[in-house]
Structure formats: structure tokens, C-alpha cells
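What follows is each chain in one-letter form.
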Amino acid sequence: MITIATNMAGRGTDIVLGGNIEKDIQAVEANEGLSEEARQAQVAQLREQWRVVHEQVKALGGLRIIATERHESRRIDNQLRGRSGRQGDPGSSRFYLSLDDPLMRIFAGDRVRAIMDRLNMPEGEAIEAGIVTRSIESAQRKVESRNFDIRKQLLEYDDVSNDQRKVIYQQRNDILDAQDLNPQIESLREGCFTDLVRQFVPMESVEEQWDLDSLEKALAEEWMLQVPLREKVQAASAITDEEILEMVLAAAHAHFKTKLDSVGAENFTSFERMVLLQSIDSHWREHLSALDYLRQGIHLRGYAQKQPKQEYKREAFELFGQLLDAVKNEVTRTLMTVRIDSDAQIEKAAHDIEERAEHISNVTYSAPDESGQAQVVAANLAGQKQEWGPVGRNEPCPCGSGKKYKQCHGKLA
């Protein structure tokens, strides 16, 4: 039997001398129409037939491996050679290589071709020389060394994202396992408002450096917090930047507590968990894309006499810090500005909408007349329909448009 394959190294194909009869034996054992003795007899017969063929193939030399090229890795070549010695079976292998093969052409082609020219070797004749074999093995060692360096470098880059991945996944697990998320939410809120205050009130600064008007405006417009900082500063004889920060944090905590009390902490926890997980997941996906883009171009830092791996680690750390800040700000903003309506408010809003619908007036609509020209008709439906009384759908519309009622004001209704 001849088997032709593009490649057959590694696992997945078992070549048994004389053929593999395990499938045939399983088919016989699964045949319920045979008795136990008949099954055993057929299995024994199959094994005896296989043994005869197996011995014939062994006598002929076993499996012969014929390869038409050499791989970049000697390991794969050795795996192919090992095919011919399955569990001690006899066999042999032979590799044929053209001078135009990539390995020969890139690494040793010119030298071997020069030797052939000097020796006047005829075209198409096989070359069996130690120098050729050594040249091929030397080329394979160079390729293996390069591939090893590539894998090693890839692993070092991947370790950076793997460390960050562990942190993110640990945070997600903590959020999923926690019964009460208030400590985490409060920590995020404090960090967010601390960053906001420090933009306008720098740490350990004097009052002349503070921009309280802009801080009050930002709190009111972005966070819906009314904090009279300017009045308190003017009323106090002496005040520090830490006291300003404490006032803002106290107002933020009070605002959130009021919202929490109106709906109940137990009902709000599931919403907090959903907001946290969605924010982390979306920003983590964006962060992984940013790391991929960073890795593709980081090698160019070598032209600036910088270590690409060190630059990658430094910038990946900065991106991770930006990720955590983005999650902190988004979660805090969502939870601080979310509007919570009670059941009574929802019912009242629905009732208001129904009332407005009943008192619609001054409706303006356009439609082509019989000549095809557009005409605009304004109608006070609420008042006119009460004056008209009941109108049949196929009767002329009382508004005087000349159309049937069902195609005019009846259609709008």
C-alpha cells in the first residue's frame, strides 16, 4: 500500500504493518446477531489473517518513508523517520532534497552549487556527500535558533498582558462573589472625586491657587451636586485644601445614600454589579486591542537606542492605569447620575402622557389634492370633532377638504 501525504509528522495517524484491524474487530464484537462463540471465532480468524500479512510486510522490509524535502526543524524530520520504526517494527527512510529547496537556496545553495560545477556533476544525479548533509543540518539549526528566539520574545511580551489579565479577572471574581458592593463603590467614588477636586484645588496649595467657581460648576453640571464651596470658604476664618476635599466627598456620599435609601440597598446591589462588570469588560476589550497595536510597532523604538521590551512594559503599565481610571470614572458617573423612579412616579408619568394625548390640538398635516399639488391643512381636532358629532367613514369629511372622512380626519384619529 502507498500513502501520499503533504505531511505526516506528530500524532493522529497510526500506520500498522499489515493494516489496522481494530475497527473490524469492534464491528464483529458489536454484532448482536452472533453468539459469543461465533464472535470469538471470527475475531481469532481476523487476527490470524492479519498476522500472516503482517509477517509478509515485515519480510519485505516494513514501512518505507520517502520524503521530498527537509523541514525547518530537525525534530519534525526525526518524527517522520520514527514512523518507520513503530513499536520496534522494521523500516527505513530516505530524504530527497532539491537545490532549489528553500533551506538549500537560502543557507547553502551557492556553496553546494559551486562544488557541483567544479566536479562537473551531471544534471539530475543524486548527491550523497557529508558536506551537503552538514550544510542542511547547519541551516536547520539556524532556523530553529531563530524560531526559539521568536517564541521566547513573544512569551515575554505575553507575560505583561497575562499579569494584567490576572488582576482584572481577580476583580471580576471579587465582584461576582461579593454580597455587598458598597465598600468597592465607595472606594471608586472617593478616588473619582479626589481626582476631580485636585484638578481645581491642588494638594498643599494656598487659597489663591484654588478655582472654586469652576469646581462648583463641574460638580453641578457633571455630577448634579450643589456644594456651596465659595460661601463656606468666605465664612470660615481658615480652611485647607483637605477640608475642601472632605466637603465634596461628604456631599457625594450623602447624595448617593439618599438615592440608595429611596430604592433599598438590596435592590440596588444587582444594578451596581451589572454596571461594574459591563464597564470592566468593555474597557478590557479596548485595552487588549491597544496592547496589540502597541506590540506591532514597538520594535521601531530600537532605532531610538531604546529597549523595545522595556518600552512595551512601561507603556502597557500606563495603559493599564488609564484602564482602571476609566472604569472608576464611568462606574461612579453612572451610579451618581442614574435616575430612580418609584412606581408612583411611573404611573403618574403614564397618566400625564395619556392626558396630553387626549388634548392634542393644532395638528398640521400635508397631502396632495386632486391636481397633485401639496396642500397643508391645519385642524383643531379636539374642538371640531365635538362639533361634528358622529361621521360615517365613507361620508365627505366635514372639514371641507373634499375627501372621505376615513381618508382625512378619520385617518388621523
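As shown above, the structure is provided for reference.
Since the structure is predicted, the reported quantities are computational estimates derived from the model, not experimental observations. In this numbering scheme, every chain counts its residues from 1 along its sequence in written order. Only residues with pLDDT of at least 70 are given local features in this predicted model, and only at 80 or more are side-chain atom pairs given and counted; all residues enter the totals for whole chains, interfaces and linings. Think of the side-chain values as coming from all heavy atoms in the structure, minus any hydrogens and water.

Peer 1: Teacher, can you tell me more about the overall build of the chain here?
Peer 2: A helix here means a DSSP run of H or I that spans at least four residues, while a strand means a run of E at least two residues long, and both kinds are numbered starting from the N terminus. Secondary structure assignment for the chain yields 14 helices and four strands. With 413 residues in all, the chain has 27% of them scored as buried. Note on contacts: a residue pair qualifies if any of its non-hydrogen atoms lie within 4.5 Å across the two residues. A fraction of 64% describes how many contacts in the chain between residues 6 or more apart in sequence connect residues 24 or more apart. Using a 1.4 Å probe on the protein chains alone, a residue whose accessible area is under 20% of its type maximum counts as buried, one over 50% counts as exposed, and one in between counts as partly exposed.

Peer 1: Could you clarify how one ought to interpret the pattern of salt bridges in this entry?
Peer 2: Pairing is possible between side chains of opposite charge, provided their charged atoms come close. Each salt bridge in this description consists of a side-chain nitrogen of Lys or Arg and a carboxyl oxygen of Asp or Glu lying within 4 Å of one another. Throughout the structure, instances matching the rule amount to 14 salt bridges. In this structure, the salt-bridge partner of Asp195 is Lys328, at a minimum N-O distance of 2.7 Å. In this pair, Asp195 sits in helix H6 (residues 182–200) while Lys328 sits in helix H11 (residues 308–337), placing the two residues 133 residues apart along the sequence. The class of Lys328 is buried, set by a relative accessible area of 12%. Among the salt bridges present, the one from Glu242 reaches Arg198, with a minimum N-O distance of 2.9 Å. Here the residue Glu242 occupies a position in helix H9 (residues 241–263), and Arg198 occupies one in helix H6, the gap between them amounting to 44 residues.

Peer 1: Looking at this model, I keep getting lost on the environment of Trp210. Mind explaining?
Peer 2: Following the sequence through the fold, Trp210 ends up in the loop between H6 and helix H7 (212–223). A relative accessible area of 9% means that Trp210 is categorised as buried. For the pair Trp210 and Val197, spaced 13 residues apart in the sequence, the C-alpha separation amounts to 9.8 Å. Apart from residues lying up to four places away in sequence, Trp210 is in contact with Phe200, Val201, Pro202, Ser205, Val233, Ile239, Thr240, Asp241 and Ile244.

Peer 1: So what exactly am I meant to see when it comes to unusual backbone geometry here?
Peer 2: Excluding glycine, most residues fall at negative phi; most peptide bonds, likewise, are trans. Backbone geometry places Gln87, a non-glycine residue, at a positive phi of 50 degrees. Positionally, Gln87 belongs in the loop between helix H3 (74–82) and strand S2 (91–95). The phi dihedral of Gln305 falls on the positive side, at around 60 degrees, and the residue is not glycine. You can see Gln305 is positioned in the loop between helix H10 (265–297) and H11. What makes Gln305 exposed here is its relative accessible area of 73%.

Peer 1: I would appreciate a short explanation of H6 in the present structure.
Peer 2: Since the α-helix advances by 3.6 residues per turn, residues separated by three or four positions end up pointing in the same direction. Taking 1.5 Å of rise per residue, 19 residues should cover 27 Å, and H6 covers 27 Å from first to last C-alpha, within 8% of that figure. The inward-facing, buried residues of H6 contact H7, H9, H10 and H11. Take the residue count of a helix, subtract one, and multiply by 1.5 Å to get its expected span.

Peer 1: Whenever I open this one, the packing of aromatic side chains confuses me. Can you help?
Peer 2: Any two aromatic rings considered together are summarised by their centre-to-centre distance and by the angle between their planes. Side-chain rings of Phe, Tyr and Trp (the six-membered ring for Trp) are treated as a pair once their centres are within 6.5 Å; stacked means planes under 30 degrees apart, edge-to-face means over 60, and tilted covers the remaining angles. As enumerated under the stated definition, the model contains one aromatic pair in all. Seen in terms of ring centroids, Tyr157 and Tyr312 are 4.8 Å apart; in terms of plane orientation they differ by 90 degrees. Their pairing is edge-to-face. You can see Tyr157 sitting in helix H5 (residues 130–177) and its partner Tyr312 sitting in helix H11, a full 155 residues away along the chain. The residues Tyr157 and Tyr312 share a single accessibility class, namely buried. Working rule: Lys NZ or Arg CZ, within 6 Å of ring centre, within 35 degrees of ring normal, means a charge sits over the ring. Over the ring of Phe95 we find Arg70, and its NZ or CZ is 5.8 Å from the ring centre. When the ring centre of Phe95 is taken as reference, the NZ or CZ atom of Arg81 above it lies at 4.6 Å.

Peer 1: Where do I start with the pairing of strand S1 (residues 63–67) in this structure?
Peer 2: The side chains of a regular strand alternate between the sheet's two faces. Residues of S1 alternate between two faces, with Leu63, Ile65 and Ala67 buried on one and Arg64 and Ile66 left unburied on the opposite face. Here S1 runs beside S2; their pairing, made up of five bridges, is parallel. Bridge pairing in S2 places Arg64 opposite Ser92. Strands are treated as partners if at least two bridges between them are detected by DSSP.

Peer 1: I tried to follow the nonpolar core on my own but got confused; where do I start?
Peer 2: A general tendency of soluble globular proteins is for nonpolar side chains to be buried together. Remark: nonpolar core denotes a set of buried residues (Ala, Val, Leu, Ile, Met, Phe, Trp, Tyr, Cys) joined through side-chain atoms within 4.5 Å. Phe193, Leu215, Leu219 and Ile244 are the most contacted members of the largest nonpolar core, which totals 42 residues. Sorting the residues of this core by element identifies H5, H6, H7, helix H8 (229–235), H9, H10 and H11 as the ones contributing at least two each. If you tally residues by element for this core, the top one is H9, at eight residues. Setting aside anything within four residues of it in sequence, one finds Leu219 in contact with Phe193, Leu196, Met224, Leu225, Val227, Leu229 and Val248.

Peer 1: How should I be thinking about the packing of H6 against H7 in this particular structure?
Peer 2: Geometry of a packed helix pair, given as the angle between the helix axes and the separation of the axes. One can describe the packing of H6 onto H7 by two numbers: an axis separation of 9 Å at closest approach and a directional angle of 145 degrees. The chirality of how H6 crosses H7 is right-handed. Facing Cys192, Phe193, Leu196, Val197 and Phe200 of H6, the residues of H7 in contact are Ser214, Leu215, Ala218, Leu219 and Trp223. When residues are sorted by character, Ala, Val, Leu, Ile, Met, Phe, Trp, Tyr, Cys and Pro go into the nonpolar class, Asp, Glu, Lys and Arg into the charged class, and all the rest, Gly among them, into the polar class. Looking at the contact of H6 with H7 residue by residue, the classes come out as nine nonpolar, one polar and no charged. In this analysis, axes come from line fits to C-alpha atoms, helices being fitted only over the stretch in contact, and the angle between any two N-to-C directions falls in the range 0 to 180 degrees. By the definition used in this description, the sense in which the near helix is turned from the far one sets the handedness, with an anticlockwise turn below a right angle giving left-handed and a clockwise turn giving right-handed.

Peer 1: Help me understand the side chain of His287 in this model?
Peer 2: For His287, the position within the fold is in helix H10. His287 sits in the buried class, given a relative accessible area of 4%. A distance of 2.6 Å separates a polar atom in the side chain of His287 from a polar atom in the side chain of Gln164. If we ignore the near neighbours within four places in the chain, the residues touching His287 are Gln164, Ala316, Leu319, Phe320 and Leu323. Pairs of N or O atoms within 3.5 Å make up the polar contacts considered here, provided that, within protein, one atom can donate a hydrogen while the other can accept it, and that residues adjacent in sequence are counted only when both atoms are side-chain atoms.

Coordinates in, geometry out; function isn't part of it.
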